[in-house]
Amino acid sequence: MPDVVNEELKAGFRLCRVLGIRYPIIEGGLAHVGNGRLAAAISEAGGFGQVGSAGRSPEQFAGEIDLAASLTSRPFGVNIPISERKDNTPYFDVIMKHRHRLAAVSLSAGNPRPLIPRFKEAGLRVLVLTSTVGQARKAAEAGADVIICEGFEAGGHNGPAELTTMALVPQVVRALRSDGHDVPVAAAGGIASGEQVAAALMLGADGVQVGTLFVATEECEAHPAYKRRLVESGDESTVVIERSQGRVTRVLRNPFSEKILELEKHRPSMEELLPFIVGRNNRVAAIEGKIDEGYMNAGQGTGLIREVRPAGEVVRELAAEAARALQRGPVLAEWIRTGADVYRI
Ligand SMILES: Cc1cc2nc3c(=O)[nH]c(=O)nc-3n(C[C@H](O)[C@H](O)[C@H](O)COP(=O)(O)O)c2cc1C
């Protein structure tokens, strides 16, 4: 095998090396439902769990970090959606206080540049969520340790360019390589099976970040009715709300999100829309279980979710399925190389 291929293969494990994990599978920050028990279960299984800060007070955030730390000695991180609140200072204080127990912080929804050096100096790895080549380049230049490329198949807030995972990941990988950046890339958005993990690796990613699939796990604090809805959902079960405000938020289709879409047809002002899209309405459905009275984030891969399972089992199965899918590679490579099927006829 030519050296260049071997080099690429070695590089494929960069994400695991950077985060100190066994499988290249990251749990995305999950507003309201990214609890400590879930993060710990994912890390215990060899993935990278993250405690979410969105939808929690600084005290609750600290409590979930403590809980995760009490349940696993493996690396895990935290997520900060930068522009979701006016002042992140109390959350940054929690992170600094817990920095000896945290491996990384992931930054999304805002400009990460001024924050990256600060967290790196504190000994943390910094993961940056991006949804375009330009953002990925800027994040790499600013010193991000991992670039997450999220296509708009993803659950929750997405980039307004609406690039798909399939199109975005290889463009980011090629751009970073041509700039000479050695930073690992994780693909996110719509990934809920091992075959997709294998596909992400084939696109040049070093691993994946997964959100919706981890909501449908036993350890996730999401209400059982939300998890059930994910299991029952199919390929057409998600919709994008907030486009009227130049934002892209993927949620489950339900009477509440249909009501939002109806309102958005009439180009509402932000003041008119805000009472519907506030975080409280996410909580009502996702935590309190009144699933038709609020909205629930979900990605397009939800049709692949068949049951609610322990998170560790999900991590191990994603990895095993990916390995099985990758075994098709040599045969496919031979067909493509030789055109065997056509010429045998
Ligand atoms: C319930 C839910 C809540 C989310 N909350 C956040 C968040 O607070 N911060 C963030 O950076 N991303 C958030 N996301 C995005 C995820 O971290 C992840 O990138 C995304 O879910 C990947 O796509 P998938 O849902 O198709 O797997 C959320 C996604 C879901 C499904």
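You'll find the structure just up there.
For clarity, every value in this text was computed on a predicted model and none was experimentally measured. (Residues numbered from 1 in each chain as written. Predicted model: local features only at pLDDT ≥ 70, side-chain atom pairs only at ≥ 80, totals over all residues. Heavy atoms only, no water.)

Visitor: Which parts of the structure should I look at to understand the pattern of salt bridges?
Guide: Side chains that carry opposite charge are capable of pairing whenever their charged atoms lie near each other. Applying the stated rule across the entire model yields 15 salt bridges. Between Arg247 and Glu242 there is a salt bridge, with its nearest N and O atoms 2.5 Å apart. When its relative accessible area of 1% is taken as the criterion, Glu242 is described as buried. The salt bridge partner of Arg253 is Glu258, with a shortest N-O separation of 3.2 Å. Owing to a relative accessible area of 36%, Glu258 belongs among the partly exposed residues under this scheme. Three or more residues joined by partner-sharing salt bridges are found here, namely Arg14, Asp182 and Asp206. (Salt bridge = Lys/Arg side-chain N within 4 Å of Asp/Glu carboxyl O. Buried < 20%, exposed > 50% of the residue type's maximum accessible area, 1.4 Å probe, protein only.)

Visitor: Is there a simple way to think about the sheet that holds strand S9 (residues 207–210) in this case?
Guide: Two strands in a sheet stick together by hydrogen bonds in their backbones, pointing the same way (parallel) or opposite ways (antiparallel). Taken in spatial order, the 8 strands line up as S1-S9-S8-S6-S5-S4-S3-S2 in an open sheet, and their pairing is parallel. The outermost strands of the open sheet, each flanked by one partner alone, are strand S1 (25–27) and strand S2 (49–52). On average, each strand axis in the sheet is inclined to that of its neighbour by 30 degrees, with strand direction left out of account. Here strand S4 (residues 104–108) pairs with strand S5 (residues 125–130) via 4 bridges, running parallel. (Pairing = 2+ DSSP bridges. Helix = DSSP H or I, 4+ residues; strand = E, 2+ residues; numbered from the N terminus. Axes fitted to C-alpha atoms, helices over the stretch in contact; angles between N-to-C directions.)

Visitor: Teacher, can you tell me more about the packing of aromatic side chains here?
Guide: In this description, a pair of aromatic rings is defined by centroid distance and the angle of the planes. Applying the stated criterion across every chain yields a total of 3 aromatic pairs. Both rings, one in Phe256 and one in Phe276, keep their centres 6.2 Å apart while their planes meet at 50 degrees; by these two values the pair is tilted. Remark: Phe276 occurs in helix H13 (residues 270–277) and Phe256 occurs in helix H12 (residues 255–264); sequence separation between them is 20 residues. Judged by its relative accessible area of 23%, Phe276 is partly exposed. The lysine or arginine in question, Arg85, covers the ring of Tyr91, its NZ or CZ lying 3.6 Å from the ring centre. For Arg250, the ring lying beneath its charged end belongs to Phe152, and the centroid distance is 5.0 Å. (Phe/Tyr/Trp six-rings, centres within 6.5 Å; stacked < 30°, edge-to-face > 60°. Lys NZ or Arg CZ within 6 Å of the ring centre and 35° of its normal.)

Visitor: What is the right way to look at the packing of helix H7 (residues 133–141) against helix H8 (residues 165–178) in this model?
Guide: Two elements in contact, H7 and H8, have axes separated by 9 Å at closest approach and are oriented at 40 degrees. Relative to H8, the element H7 lies oblique. The interaxial crossing formed by H7 with H8 has right-handed handedness. Residues Val133, Ala136, Arg137 and Ala140 of H7 pack against Leu168, Gln171, Val172, Ala175, Leu176 and Ser178 of H8. Here the residues of the contact of H7 with H8 sort into 7 nonpolar, 2 polar and 1 charged. (Parallel < 35°, antiparallel > 145°, perpendicular 65-115°, else oblique. Left-handed = near helix turned anticlockwise from the far one by under 90°. Contact = heavy atoms within 4.5 Å. Nonpolar A, V, L, I, M, F, W, Y, C, P; charged D, E, K, R; others polar.)

Visitor: Explain the sheet that holds strand S7 (residues 156–158) here, please?
Guide: Taken together, the 3 strands give an open sheet; going across it, the order is S7-S11-S10, and neighbouring strands pair in antiparallel fashion. The sheet is open, and its two borders are formed by S7 and strand S10 (238–241), each paired with just one other strand. The sheet shows a mean angle of 30 degrees between the axes of neighbouring strands, taken without regard to direction. In this structure, S10 lies alongside strand S11 (residues 248–252), joined through 4 bridges in antiparallel fashion. Its bridge partner lying in S11, Ile241 is registered against Thr249. Sitting on the sheet, H12 is in contact with S10 and S11, with an inclination near 40 degrees to S10.

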